[in-house]
Amino acid sequence: MLSRSGAAKGVKHMQEVDILIEGGTVLTLDGADTILHSGSVAVRGDRIVAVGPRADIASRYRGRRVVDAAGRVVMPGLVNAHTHAAMTCFRGIADDLELMEWLNRYIFPAEAKNVDPELAYWGSLLACAEMIRSGTTCFCDMYIFEDETARAASLAGMRCLLGEVLFDFPSPSFKTPDEGLACTESLIEKWAGHDLVRITVEPHALYTCSPELLKKSKALADRHGVPLSLHLLETRSEREELTTKLGCSPVRFLRDTGLLDANLLAFHCVWLDEPDIEMMARAGAKAVHNPESNMKLASGIAPVPALQAAGVTVALGTDGCASNNNLDMFQEMGTAARLHKVSRLDPTAMRATTVLRMATLDGARALGLSGSVGVLRPGMKADIITVDFNRPHLTPLYHEESHLVYCASGSDVDNAVINGRLVMENRRILTFDEEEAMDRVNAIAGRVRASLGM
């Protein structure tokens, strides 16, 4: 007969957690590629406290809220490492054009006439709805009136890294480059310590920013210990014109002016040559691949396999809705994998597992969040999605990673947890009214049409 103390020792103590996601196929995306069939994830506060077989987790944890993940894949939320959220308001406004014509004849005029805090807020909130619904839990944004985007992301419960876009010329939110830098510094100070919102310094590109503005941007980023982000070598004409203007390759210019380091996040990187790749690798700079936007604008194909072979971290992003025209990272993964296979005439290029990591762990690493998100393991922030595999287009199932990249779409995501908070349950967003966001953006679109005489 057991003594009372012995009996107590023989009973497992049940710990209460806030959310228990149970019974799914858990893709941890850890270093060992661990997959748990009939697994569970326990969440307390904003963190994952346990990942393991369902029976083991059920014997130790009781959830205040239980998400039944049977028939679903449970995985880290996706990281959209480059977008312009508020540009949902310009979705489809000018298609089938070359980049500079698209920018100079349509986008810049539309922005000058229409972008204000209202557009930035509601366009960003609509983007949050689209991203949450398609499995993105974290995004990196560059646009105008970014305090409004931060406000929208905070309401939606989304994790983000964002910054006010900086130009040599006036934008709708500032008249001089120094005012833009002051705006960025105020963002850094305002959102310091926020659970979800982080700030980056974002000069637009080498062709829209003077060397002086670039150096001031770098000094600001270094002073506050935040990343520096910019568009880099998106088109061949950009490379040719900048090389003539600078007297060297744009990447070498970044190196020689002190901007090329591990704190740099470079978007697009389509027209890099071998020395550029070597310089980026030595510096520890990060790159973001935007295949669908680059394809639609006929900008070219970024040398992603070469960058990865050199040791450069390459994340994945959608770019903005005006040049993609959606924010579905599942679609972006499938495009990335197929694009590099056909461009290299090699079906083994860009495997599904590689692309899946670009959209999760490598995205987190590029944004400086690798210790927080991108992997399901105890201690990590609880940014988790479930993908419903009980669908005709996902049947039968042999390899989860391949299905996620080549078969799944954003509409297959049915639950999303961000920072330990359930923000979407059974395809219903819980944090804000997405119908209101759609109505507001439709009203703004009417104003945009009138301003452009459409």
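Per chain, residues are indexed from 1 in the order of the written sequence. For this predicted model, a pLDDT threshold of at least 70 governs which residues receive local features, and a threshold of 80 or more governs which side-chain atom pairs are given and counted, while totals over whole chains, interfaces and linings are taken from all residues. Neither water nor hydrogens contribute to the side-chain values; these are computed over all heavy atoms in the structure.

Draft legend 1. Broad picture of the overall build of the chain. Secondary structure counts use DSSP, requiring at least four H or I residues in a row for a helix and at least two E residues in a row for a strand, with both numbered from the N terminus. Summing up its helical and strand segments, the chain has 17 helices and 18 strands in all. Values of the radius of gyration come from C-alpha atoms, whereas the globule rule sets the reference at 2.2 Å times the count of residues to the power 0.38. Over its C-alpha atoms the chain spans a radius of gyration of 22 Å, differing by no more than 12% from the 22 Å that the globule rule assigns to 454 residues. Along the first, second and third principal axes, the C-alpha atoms of the chain reach 85 × 45 × 45 Å. With a 1.4 Å probe rolled over the protein chains alone, any residue whose accessible area is under 20% of its type maximum counts as buried; one over 50% counts as exposed, and the rest are partly exposed. Per-residue burial for the chain yields a buried fraction of 58% across its 454 residues. When contacts within the chain are restricted to residue pairs at least 6 apart in sequence, long-range pairs at least 24 apart make up 73% of them. Method for areas: the Shrake-Rupley scheme with a 1.4 Å probe, in which residue coverage is limited to the protein chains shown. Surface summary for the chain: the accessible area is close to 17400 Å², and the carbon and sulfur share equals 52%. Charged residues are defined narrowly, with Lys and Arg counted positive, Asp and Glu counted negative, and His plus the chain ends left uncounted. A charged residue contributes its charge at one atom only: NZ of Lys, CZ of Arg, CG of Asp or CD of Glu. With 47 positive and 58 negative side-chain charges, the chain shows a separation of 6 Å between the mean positions of the two kinds. Residues count as neighbours in contact if any of their non-hydrogen atoms are within 4.5 Å of one another.

Draft legend 2. Representation of the pairing of strand β12 (residues 264-268) within the structure. For β12, the buried fraction is high: five of the five residues fall into the buried class. Any two strands with at least two DSSP-identified bridges between them are counted as paired. As paired elements, β12 and strand β13 (residues 286-289) share three bridges and run parallel to each other. When the bridges of β13 are listed, F267 appears paired with V288. Since β12 and β13 lie parallel, the crossover through helix α10 (residues 274-283) that links them has a hand, and here it is right-handed. Looking down the strands as they point away from you, a crossover is right-handed if its path from the first strand over the helix to the second goes clockwise.

Draft legend 3. Inspection of the pattern of salt bridges at higher detail. For this document, the term salt bridge refers to a Lys or Arg side-chain nitrogen within 4 Å of an Asp or Glu carboxyl oxygen. Considering all chains together, one arrives at 32 salt bridges under this definition. A salt bridge links R105 to E101, with the shortest nitrogen-to-oxygen separation between them at 2.8 Å. Residue R105 and its partner E101 are both found in helix α3 (residues 99-114); the two are separated by four residues, about one turn of the helix. On the accessibility criterion, R105 (54% relative accessible area) is exposed. In this structure, R391 and D412 form a salt bridge, with 2.9 Å as the shortest nitrogen-oxygen distance. One end of the pair, R391, is in the loop between β15 (384-388) and α16 (400-406); the other, D412, is in the loop between α16 and β16 (413-418), with 21 residues separating them in the sequence.

Draft legend 4. Just helix α13 (residues 329-344), in detail. A helix is expected to span 1.5 Å multiplied by its residue count minus one. In this model α13 runs 23 Å from its N-terminal to its C-terminal C-alpha over 16 residues, within 8% of the 22 Å that 1.5 Å per residue would give. Within the span of α13, buried status applies to M329, F330, E332, M333, G334, T335, A336, A337, L339, H340 and K341. Just downstream of α13, L345 is the residue with a positive phi angle, here 50 degrees.

Draft legend 5. Focus on the pairing of strand β8 (residues 159-166). Among the eight residues in β8, eight count as buried, and that is most of the element. With six bridges connecting them, strand β7 (residues 136-143) and β8 associate as parallel partners. Within the sheet, the bridge partner assigned to C138 lies in β8 and is R159. After leaving β7, the chain enters helix α5 (residues 146-156) and then returns to the sheet as β8, a path that is right-handed. Bridge count between β8 and strand β9 (residues 197-199): three bridges; the pairing is parallel. Counterpart to C160 in the pairing with β9 is V197. Pairing of β8 with strand β10 (residues 202-203), which is carried by two bridges, proceeds in the parallel orientation. Within the sheet, the bridge partner assigned to V165 lies in β10 and is E202.

Draft legend 6. Broad picture of the packing of helix α6 (residues 177-190) against helix α7 (residues 211-224). The axes used here are C-alpha line fits, helices contributing only the stretch in contact, and every angle between their N-to-C directions lies in the interval 0 to 180 degrees. At a closest axis distance of 11 Å, the pairing of α6 and α7 adopts a crossing angle of 15 degrees. In terms of orientation, α6 and α7 fall into the roughly parallel class. Crossing hand, α6 versus α7: right-handed. Residues P177, D178, L181, T184, E185, I188 and E189 of α6 form the contact with α7, whose participating residues are L213, K216, S217, L220, R223 and H224. Put simply, angles under 35 degrees are roughly parallel, angles over 145 are roughly antiparallel, angles from 65 to 115 are roughly perpendicular, and the rest are oblique. Handedness of a crossing is defined here by the sense of rotation of the near helix relative to the far one, left-handed for an anticlockwise turn of less than a right angle and right-handed for a clockwise turn.

Draft legend 7. Representation of the nonpolar core in the model. As used here, the term nonpolar core means buried Ala, Val, Leu, Ile, Met, Phe, Trp, Tyr and Cys residues forming a set that is joined through side-chain atoms within 4.5 Å. Core analysis: the largest hydrophobic core is formed by 135 residues, its most contacted members being F90, M280 and L367. Considering each element in turn, this core owes the most residues, 11 residues, to helix α4 (residues 117-133). Core analysis: the next-biggest nonpolar cluster, separate from the first, contains 18 residues, I19, A69, A382 and V417 among them.

Draft legend 8. How the structure looks around the sheet that holds strand β11 (residues 228-232). With parallel pairing, the four strands of this open sheet are ordered in space as β11-β12-β13-β14. The open sheet has two edge strands with one neighbour each: β11 and β14 (314-316). Ignoring strand direction, the axes of neighbouring strands in this sheet form an average angle of 30 degrees.

By themselves, these are just geometric observations and shouldn't be taken as functional.
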